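Structure assessment
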Amino acid sequence: MPAKTVPVDQTLSVDHPVDLRRCQVLGLTGTVFLALGGETAGALPVRDHLAPAPARAALGLVAVYFGVVLLTAAWMLLGRLVRGPRPPSQRSLLLVLTVWAAPLLLAPPLFSRDVYSYLAQGAMVDAHMDVYTQGPARLGGPLAHEVAPVWQHTAAPYGPAFLALASALSGLTHGRLPAGLLGMRLLALLGVALMAAALPRLARHSGADPAAALWLGALNPLVLLHLVAGAHNDALMLGLLGLGLVAACGRWPVLGAVLVTSAALVKAPAALGLVAVVALLVRSGRRPSHAIALTTAAAAATTVTATAVAGTGYGWVHALTTPVSPHNWALTSLLGRATRAALEHLGSGLAPLAVPAWHLLGLAATAAAVSLIWLRLRPHPVYALGLSLLAVAVLGPAIRPWYVLWGLFLIAAAGPSAPVRHRVAALAGVLALAVLPSGGPADPGLLVLAVCGVLLGLAVLWQAHQSARTPAPGRTA
């Protein structure tokens, strides 16, 4: 009788047992180290905390990167389970996400000080100041002092929907920093919950695997590090965008347009989602002119209502040109600074125009890329939107690691093939290590400590791997 063949995935599962519980515990250990390390190395409030001792700060930085490595490894191993013969259920994956996120709920902000800007801008709106012409320095006081110096005199680039929420939070917390930070993190967690709710539905509509979509789009380390730990408002933008696309894919196209517009009134890039709403309406049998008119009317009504409720006026339209950080490492900014340095060396008077010129070229390249994407992928609007938002993030004048989530979130739900998912997963793994937990600039000493944390994490994982392969006494391999 011929021997029974065992599938490759199943053989690997026998040789290297990786179950859901181990992934859950490994990822939880990672986020615990992130939270503990953040107590001395995170984006700490300057007015409530004395500067930690150098030794404690160094240890915290090593702990944060040690945690990042463990979390990323847990996510990769979980992805192997999701692709295996017996993938975990969606409910199990959501439980893993909850467990991993729990230690970060009360941790200090990590990897960015943007949350302090949100709080200061909310307080300004609550005090009836114009956040679209004045920066947090106009507010003054301890809360404004928490904002990074580069943004002290910068107008808010966010829409009225987000500023209305920030203002309401300011009124509820009376400017108290711990309560405000917790409130912003809860808003971010709400956004992540909406993302997790939308992903399986969008995946089924696009013919993709819902479990794989959850793994790549919601359990991604970038989501936990930047949307949860960093409390970025991108979480709320993506949650509303995903929910709006779900509605547009179903029987509620007007609700879909309202939700997508609300996402754009948190952060402007989500406005591209209205193109997907129109495409979904056309695909469902509506005439293009009717689809455009319906979507435009819903978007206009939502914009007028949200702006009136927020009381901020329409200054947010002009604030979309808010300058980016002069040291931003976007591709066009890097090329612009290199060109400016070369022109200055040559003594050319054109040097000051180098960075703006490269930014304009980047915007033109973005427009061309988005147009080409929609021409080629019009029958797949969710996937086309994901690629478009990724192009906006990569070719735009500013980029941060969490901007990549704009496109990755929808590519996770509608990516047509495994290679596409593998590429964006690899990108996410690399970017997880790209920012210091304090949100500040790097120097050689900090980079050495970060590398030490990474190497320590890799060493622990290697030792655990070797121990798992070594048979216990009395057992054969």
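Check the entry above for the structure.
Below, the structure is looked at part by part. Computed from a prediction, not measured in an experiment: that's the story for all the values here. (Residues numbered from 1 in each chain as written. Predicted model: local features only at pLDDT ≥ 70, side-chain atom pairs only at ≥ 80, totals over all residues. Heavy atoms only, no water.)

**Some details on the overall build of the protein**
As a reminder, the rule being used: Think of it this way: any DSSP run of H or I at least four residues long counts as a helix, any run of E at least two long counts as a strand, and we number them from the N terminus. Note on method: radius of gyration uses C-alpha positions; expected globular size equals 2.2 Å times residues raised to 0.38. Exposure classes here rest on a 1.4 Å probe applied to the protein chains alone. A residue is buried below 20% of its type maximum, exposed above 50%, and partly exposed in between. Here, two residues are considered to be in contact whenever any of their heavy atoms come within 4.5 Å of each other.
Of regular secondary structure, the protein possesses 21 helices and zero strands. Expected size for 477 residues packed as a compact globule is a radius of gyration near 23 Å; at 23 Å, the protein falls within 12% of this value. Structurally, the protein occupies a C-alpha span of about 75 × 65 × 55 Å along its principal axes. By residue count, 50% of the 477 residues in the protein fall in the buried class. The long-range share in the protein, meaning contacts at least 24 apart out of those at least 6 apart in sequence, stands at 74%.

**Side note on the packing of aromatic side chains**
Under the convention used in this document: Note on ring pairs: Phe, Tyr and Trp rings are taken, using the six-membered ring of Trp, and paired if centres are within 6.5 Å. Classes follow the plane angle, with under 30 degrees stacked, over 60 edge-to-face and the rest tilted.
Summed over the entire model, instances satisfying the criterion amount to seven aromatic pairs. Pairing W75 with W215 gives two aromatic rings, centres 4.5 Å apart and planes at 15°, and the pair type is stacked. In this pair, W75 sits in helix α3 (residues 54-82) while W215 sits in helix α9 (residues 210-217), placing the two residues 140 residues apart along the sequence. You'll find W75 and W215 in the same group, each marked buried. Put simply, the rings of Y118, Y158 and F162 pair up and form one aromatic cluster.

**Section: the environment of L449**
With respect to the helices and strands, L449 occurs in helix α21 (residues 444-469). L449 sits 388 residues away from L61 along the chain, and the two C-alpha atoms are 6.6 Å apart. If sequence neighbours within four positions are ignored, L449 has contacts with A58, L61 and V62.

**Points about unusual backbone geometry**
Unusually for a residue other than glycine, F111 sits at a positive phi of about 70°. Considering the arrangement of structural elements, one finds F111 in the loop between α4 (90-101) and α5 (114-126). On the basis of relative accessibility, which here comes to 1%, the residue F111 falls in the buried class. Its identity as a non-glycine residue notwithstanding, H174 has a phi of 55°, on the positive side. If you trace the backbone, H174 turns up in the loop between α7 (160-173) and α8 (177-206). On the basis of relative accessible area, H174 is assigned to the exposed category, the value being 62%.

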